[in-house]
Amino acid sequence: MELAELVARRPFPAAGLLLGLTRRCPLSCAHCSTGSDLFTREEPDGAQLERFVGSFSTENRPDVVMLTGGEPLLLPVLTERLSTLARRAGSRTALLSGMFFARSRSTRSGSAQSGSAQSGSARSGTRRGRRGGAIPPAILRAIRSVDHFSASLDAHHEREVPRADVFRALHRIRDEGVAVSFHLTGTGASDPYLADITRAVEREFDGRVPCLVNEVRPFGRAASWARPARTGPDPAAASPCSMAAWPVVAFDGRVLACCNQDTVDRRPVPAHLDLGHIGVDDWATVRGRALESPVLRMLRTVGPTHLAARYGSGAGTGSYCEGCRALGDDEAAAAGALAVAGGAAGALLDLTAAVRGSREGAQGVVRRHGCAAYAPLVVTGGPPLPETEGRDVR
Ligand code: SF4
Ligand code: SF4
């Protein structure tokens, strides 16, 4: 499964499922919004995860299961089991890793460099040395079991795992026949880091490895496929939330309708964003709640600000997401949502918005929710990057 196929499913409610396997991670990236480290114990119960994924059927399953963390490859056996269970029902799995296992010995002993300073050595050294840096067998088995493998890379990650090591491991994984991609993050279209890393990836892999390029924002890796819309000056204007499409399994096993890390971490979960718990609910139940809730349909089609302004009790204040979280207690907004988005008409409204969101395919999704200037890179074989120093993306 290629990256573009996966991203193109993002606008469709319950077409995907985000599973946070663990909050643990051996790396210490400065920007880590999941607050991950090696000692954090928070993670869902493995047996409950297996039971939940085992409840998929060929008729009722997500198309894509995204395995994230923390670092999901700290649990390679569980990763392999979940991928196997998902595949049995016809779902495909994608895994996002911080690439801790790719670190060479010299790096572990403290020779890591950061950012573009090391790009020269990455370009000249990786292909020659691609047979080095063996991947531990259990991790390699887990990687072989997924349908897509994504490596996170940005300036913070490069201080933890050098680019050359990541490139070497990606070559190894491609050699196994697994589709791969990069998740790249920078400060925006004019970020020189993004210009440098995208050019380096293009040269290293001859333009055959796609990249999903995002802008830094205050959300965790579970949210890396989308971000909430920003509200404009008119609060009554529709501003749909794309983060309410794919259910998210949080680190305590609770299932939320939203992948904003702030919301995923807070307890109690606002009632309208609470889809249940993997300990007691199966996929069909969670999917039904995600698809049939009139409030969630309204979030996906017009957004929380419009819903609150048009039908709410008037008490809502604060940011886009704060306003959304407050909707859990707003009976007037729930009644308004039911009137507009209940029943078959609401289902059609939801589907129409998803189809509209997917009209320009994966590139359209990235243009709206990622770094638009780099949207073509989500498709393998996108246009070659200019050979000049510093890509002009204005
Ligand atoms: S690799 Fe990801 S999860 Fe791990 S510390 Fe870095 S940002 Fe956090
Ligand atoms: S809190 Fe609401 S508006 Fe914010 S990302 Fe989640 S679903 Fe969207």
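Now for a quick tour of the structure. (Residues numbered from 1 in each chain as written. Chains lettered and ligands numbered in written order. Predicted model: local features only at pLDDT ≥ 70, side-chain atom pairs only at ≥ 80, totals over all residues. Heavy atoms only, no water.)

So, the overall build of the protein
Okay, step 1: If you tally the helices and strands in the protein, you get 17 helices and nine strands.
Okay, step 2: Counting the 394 residues in the protein, one finds 55% classified as buried.
Okay, step 3: By element, 52% of the accessible surface of the protein is carried by carbon and sulfur atoms, the whole surface being about 15,900 Å². (Helix = DSSP H or I, 4+ residues; strand = E, 2+ residues; numbered from the N terminus. Buried < 20%, exposed > 50% of the residue type's maximum accessible area, 1.4 Å probe, protein only. Areas by Shrake-Rupley, 256 points an atom, 1.4 Å probe, with all protein chains shown as cover.)

What to know about the pairing of strand S4 (residues 148-153)
Okay, step 1: Within S4, six of the six residues are buried, which leaves it mostly tucked inside the rest of the structure.
Okay, step 2: A two-sided burial pattern is seen for S4, the buried positions comprising His 148, Ser 150 and Ser 152 on one face and Phe 149, Ala 151 and Leu 153 on the other.
Okay, step 3: One ladder, built from four bridges, connects strand S3 (residues 92-97) with S4; its direction is parallel. Bridging from a neighbouring strand, Leu 95 pairs with Phe 149 of S4.
Okay, step 4: In this sheet, strand S5 (residues 179-186) lies alongside S4 in parallel orientation, the contact comprising six bridges. The residue bridging Phe 149 from the neighbouring strand is Val 180, located in S5. (Pairing = 2+ DSSP bridges.)

As for the site of ligand 2
Okay, step 1: Taken together, Cys 241, Met 243, Ala 244, Cys 258, Asn 260, Thr 263, Leu 273, Pro 304, Tyr 320, Cys 321 and Cys 324 form the complete shell of residues around ligand 2.
Okay, step 2: With three residues, helix H14 (residues 320-326) is the largest single contributor of residues to the shell around ligand 2.
Okay, step 3: Classifying every residue of the shell around ligand 2 gives nine nonpolar, two polar and no charged. (Near = heavy atom within 4 Å. Nonpolar A, V, L, I, M, F, W, Y, C, P; charged D, E, K, R; others polar.)

Some remarks on the packing of helix H12 (residues 294-301) against helix H16 (residues 343-358)
Okay, step 1: At a minimum axis distance of 9 Å, the contact between H12 and H16 shows a crossing angle of 30 degrees. The pairing of H12 with H16 is recorded here as roughly parallel in orientation. Viewed along their axes, H12 and H16 form a crossing whose handedness is left-handed. Every residue of H16 that contacts H12 at Arg 297, Arg 300 and Thr 301 is listed here: Gly 343, Gly 346, Ala 347, Leu 349, Asp 350 and Ala 353.
Okay, step 2: Its residues assigned to classes, the contact of H12 with H16 shows three nonpolar, three polar and three charged. (Axes fitted to C-alpha atoms, helices over the stretch in contact; angles between N-to-C directions. Parallel < 35°, antiparallel > 145°, perpendicular 65-115°, else oblique. Left-handed = near helix turned anticlockwise from the far one by under 90°. Contact = heavy atoms within 4.5 Å.)

With respect to the nonpolar core
Okay, step 1: Leu 19, Leu 73, Met 99, Phe 101, Phe 149 and Phe 182 are the most contacted members of the largest nonpolar core, which totals 100 residues.
Okay, step 2: If one sorts the elements of this core by residue count, helix H9 (residues 192-204) sits on top with six residues.
Okay, step 3: Aside from chain neighbours lying at most four places away, what touches Phe 149 is Leu 73, Leu 95, Ser 97, Met 99, Phe 101, Ile 143, Leu 170, Ile 173, Val 178, Ala 179, Val 180 and Ser 181.
Okay, step 4: In this structure, Leu 3, Ala 4, Ala 362 and Val 378 belong to the second largest nonpolar core, which totals nine residues. (Core = buried A, V, L, I, M, F, W, Y, C linked by side-chain atoms within 4.5 Å.)

Purely spatial values, then, with no claim about function.
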